[in-house]
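# Observations on chain architecture
Okay, here's what each chain looks like letter by letter:
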Amino acid sequence: MPTITEKIIKQHLIDGTLIRGASIGIKIDQTLTQDATGTMAYLQLEAMGVDQVKTELSVSYVDHNTLQNGFENADDHKYLQTVALKHGIYFSRPGNGICHQIHLERFAIPGKTLLGSDSHTPTAGAMGSLAIGAGGLDVACAMAGRTFHLQMPHIINVKLHGSLQRGVSSKDIILKVLQQLSVKGGVGNVIEYSGDGIKSLSIPQRATITNMGAELGATTSIFPSDERTREFLKKQHRESDWTELCADDDAKYDQIIEINLDNLEPMIAMPHSPDHVLPITEVLGLKVDQVAIGSCTNSSYRDMMSVANILKGKMIHPDVSLVISPGSRQVLNMLAKNNGLSTMISSGARILESTCGPCIGMGQSPITNALSLRTFNRNFYGRSGTLSAKVCLVSPETAAASALTGYIVDPRTVSFQIPQDPDEFEIDDRMIIPPNKEQAKDVEVIRGPNIKPLPINTPLEKKIQKKVIIKVGDNITTDHIAPAGAKVLPYRSNIEKISQFIFMNVKPSFYNDCMNNHGGFIIAGSNYGQGSSREHAALAPMYLGIKAVIAKSFARIHRANLINFGIIPLSFINECDYDQIDEMDELCIENLEKISVNQPISVTNITKNITFTVTHNLNELDIETIQAGGTLNLIRHNQ
Ligand code: MIC
Ligand code: SF4
């Protein structure tokens, strides 16, 4: 009867029952962090007074903030390295690659639970891990051995039939799913893949699909652990980590989607959302200015070899800038040894280090009004660093073929050799520093001057009477709230400084308006906070005095982050109440000491002299957390 998700959750269940939609608590086996969210997570771990992590495995990666334009990022790396050694955490050094790619290669295990402070943690679902993205504080709590709470997800089964045609790639499968389900269609769900079509997909191909399940808003995505999984683990010299794991034949799903790979076409996501998906045939011939290949979605050895085979013996178009970032040191080294790298260099590609790079706006912003074709997973407004750029998401095959012509082409019309998976991957873990209990005692944690203490919220007051500082529409991303990019990311460990950038591209006066009004409310449409797991999108507004967000609906991770920092997430009961609120209206909520489960809350709009009701969907633990002014306060209070 059970699905894969139910099997893993059952084995890890600590609180609650497996009723879909109910609150449950599970044990976390593995955690991962990356540098942009990791500094906060480890500051929080330190604040909890934990000596050695309680997980089976915790890994700290450095892959986001690697442009060292000033001391800040380098200082963060040193902090992360020393704090890892102190607390029993593996440390993957800058240059070793992108967290999700490396975790898949070296650490992910079928049937294990993984919690990561990055929304693309579900990449490891390709291996049959139950891999979930969360805010840094939730990951810190998991490292401290605390239970991770979530809503028991509903389960959508995506059945793949047939096999991909020449020039069509697994990126096109997930773009197709996004076209059908949209960026909010996965909220509250796990996406489980099955069907005869999965047999022909290798683990890195599956990983492209599970990675971009984050763009559906899904809790996670997962594939069975089968012979293909065993084969991949064997080639990574980890066959002993393999166990078989699949859903029972009569497993019950909440929704079934069928996709026939035999007639799937190459797809493209148009600006500025990963679900604005069209078949590539509708945009053929559009002029391209930049092509960027890489990111945790499409930077495996196979992806890189498809690109190399398409570029082989040819030169890129004079009007195109082509940048390529192989996903890991393993991939880069293998490409270097089999001449794939020199093929890329000869064709005019600019090779970047194995990091997130342009995906997170760390350099390579395209020219004004550019059309930038990227193999990444997000094309949110402004994320590339050039506000006027139009970023489109495509497969590595479409990207490479279009870099040669200078306009969008259908990769099915290009002749190239389809790459084979290697017989063996090259194993060299020397850029991963393992924990060492003996040394841990003597390690001094080094903190640069940009690493500031954590701001802590105050307990919830009985009454909030404040102004609406901003009113936004649907599908606001965490990139809208807390932008990324090379100018802002160095302040990820300095909340006071990063708070000056909040809503910078949406309402530049947001910071000053918060300062002048002692904080206030945020009003939003549906799916507020989609995208990244960055808790800065909650922590910095908390620092600026934001007390509540009233939205039509929320994205899962961001809602959890708001609760963690003591900001109340409230939902409109009647969506038309949203229309009656304007920026700078004064709202008042009273009797907050009496919030209880399932009890609606009444909000008065003093400016308009109207009252409306909202829900909160908070469980008892959430209410306690908010009353205390956030998770850290609650933990301290209960210690
Ligand atoms: C992203 O892709 O947006 C990031 C950068 O990886 C984020 C994490 C962050 O903001 O540091 C994510 O996906 O969670
Ligand atoms: Fe890095 Fe981009 Fe992947 Fe986020 S989506 S982890 S920034 S490569």
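Refer to the preceding data block for the structure.
This report concerns the structure included in the present document. (Residues numbered from 1 in each chain as written. Chains lettered and ligands numbered in written order. Predicted model: local features only at pLDDT ≥ 70, side-chain atom pairs only at ≥ 80, totals over all residues. Heavy atoms only, no water.)

Let us look at the side chain of Asn379. Checked against the element boundaries, Asn379 lands in the loop between β18 (371-374) and β19 (390-393). Take Asn379: its relative accessible area is 2%, and that puts it in the buried class. Of the polar contacts made by the side chain of Asn379, one reaches the backbone oxygen of Met270; its length is 3.0 Å. A distance of 3.2 Å separates a polar side-chain atom of Asn379 from the backbone nitrogen of Ser273. Those residues in contact with Asn379, other than ones at most four positions away along the chain, are Ala269, Met270, Pro271, His272, Ser273, Pro274, Val391, Cys392 and Leu393. (Helix = DSSP H or I, 4+ residues; strand = E, 2+ residues; numbered from the N terminus. Buried < 20%, exposed > 50% of the residue type's maximum accessible area, 1.4 Å probe, protein only. Polar contact = N/O pair within 3.5 Å; in protein donor to acceptor, adjacent residues only side chain to side chain. Contact = heavy atoms within 4.5 Å.)

With that settled, consider the sheet that holds strand β24 (residues 568-572). An order of β21-β22-β23-β24-β27-β26-β25 is seen for the seven strands of this closed barrel, with the pairing classed as mixed. Taken over all neighbouring pairs, the strand axes of this sheet differ in orientation by 40° on average, direction set aside. Relative to strand β23 (residues 546-551), strand β22 (residues 520-524) is paired through five bridges, and the arrangement is parallel. Residue pairing for β23: Ile523 is matched across the bridge by Ile550. (Pairing = 2+ DSSP bridges. Axes fitted to C-alpha atoms, helices over the stretch in contact; angles between N-to-C directions.)

This part covers the pairing of β22. Counting buried residues in β22 gives five out of five residues, a clear majority hidden from the surface. Bridging between strand β21 (residues 464-471) and β22 involves four bridges; their strand directions are parallel. What sits directly across from Lys467, in β22, is Gly520. In the classification by handedness, the crossover that spans β22, the intervening helix α17 (residues 536-543) and the parallel β23 is right-handed. (Right-handed = clockwise from strand over helix to strand, strands pointing away.)

Let us look at the packing of aromatic side chains. In this description, an aromatic ring pair is defined by two values, namely the gap between the centres and the angle between the planes. For the structure on display, the rule yields eight aromatic pairs. Relative to Tyr578, the ring of Phe572 has its centre 6.0 Å away and its plane inclined at 90°; by these criteria the two rings are edge-to-face. Each of the two residues, Phe572 as well as Tyr578, counts as buried. Geometry around Phe416 places Arg166 over its ring, the cationic atom sitting 5.1 Å from the centre. (Phe/Tyr/Trp six-rings, centres within 6.5 Å; stacked < 30°, edge-to-face > 60°. Lys NZ or Arg CZ within 6 Å of the ring centre and 35° of its normal.)

We now examine the site of ligand 1. Every one of the 14 residues lining ligand 1 counts as a neighbour, but Asp118, Ser119, Arg492, Ser533 and Arg534 are closest to it. Here an oxygen atom of ligand 1 sits 3.0 Å away from a polar atom, N or O, in the side chain of Ser532. Expressed as a share of its isolated accessible area of 330 Å², the protein-covered part of ligand 1 is 97%. Across the shell around ligand 1, the residue classes break down as two nonpolar, seven polar and five charged. (Near = heavy atom within 4 Å. Areas by Shrake-Rupley, 256 points an atom, 1.4 Å probe, with all protein chains shown as cover. Nonpolar A, V, L, I, M, F, W, Y, C, P; charged D, E, K, R; others polar.)

So, on to unusual backbone geometry. Following Pro271, the chain continues into His272 via a peptide bond in cis, with omega recorded as -10°. Positive phi, normally seen in glycine, also occurs at His237, with a value near 60°. Positionally, His237 belongs in the loop between α8 (227-235) and β12 (255-260).

Looking now at the pattern of salt bridges. One pass over the structure, following the stated rule, counts 29 salt bridges. One salt bridge in this structure joins Lys7 and Asp248, with 2.8 Å as the shortest N-O distance. Residue Lys7 is located in helix α1 (residues 4-12), and its partner Asp248 is located in the loop between α8 and β12; the two are separated by 241 residues in the primary sequence. For Asp248, a relative accessible area of 28% translates into the label partly exposed. A salt bridge links Asp241 to Arg238, with the shortest nitrogen-to-oxygen separation between them at 2.8 Å. Judged by relative accessible area, Asp241 falls into the partly exposed class, the value being 22%. You can call Arg238 buried: its relative accessible area is 5%. (Salt bridge = Lys/Arg side-chain N within 4 Å of Asp/Glu carboxyl O.)

Read from one edge of the open sheet, four strands run β11-β10-β9-β12, paired in parallel fashion. With one partner strand each, in any of the chains shown, β11 (220-222) and β12 form the two edges of the open sheet. Neighbouring strand axes in the sheet, compared pairwise and without regard to direction, differ in orientation by 20° on average. Inspection of the sheet shows strand β10 (residues 189-194) paired to β11 by three bridges, in the parallel sense. By the bridge assignment, Glu192 is partnered in β11 with Ile222. Helix α6 (residues 170-181) contacts β9 (154-161), β10 and β12 of the sheet and is inclined by roughly 135° relative to β12.

It is worth spelling out helix α18 (residues 556-564) at this point. With seven of nine residues buried, α18 is to be regarded as a mostly interior element. Ile557, His558, Arg559, Asn561, Leu562, Ile563 and Asn564 are the residues of α18 that are buried. One or two positions beyond α18, positive phi appears at Gly566, with a value near 80°.

Moving on, we get to the site of ligand 2. Ligand 2 sits among His64, His100, Asp118, His120, Ser295, Cys296, Cys356, Cys359, Ile360, Asn377 and Arg383. Of the residues belonging to the shell around ligand 2, the class tally is four nonpolar, five polar and two charged.

Only one face of strand β26 (residues 601-605) is covered, namely the one carrying Ile601, Val603 and Asn605; the face carrying Ser602 and Thr604 has none of its residues buried. Two elements, strand β25 (residues 586-589) and β26, share three bridges in a ladder whose sense is antiparallel. The partner of Leu587 across the bridge, within β26, is Asn605. In this sheet, strand β27 (residues 610-615) lies alongside β26 in antiparallel orientation, the contact comprising five bridges. The residue of β27 that forms the bridge with Asn605 is Ile610. Between β26 and β27, which follow one another and run antiparallel, lie four residues, and Asn609 among them has a positive phi close to 60°.

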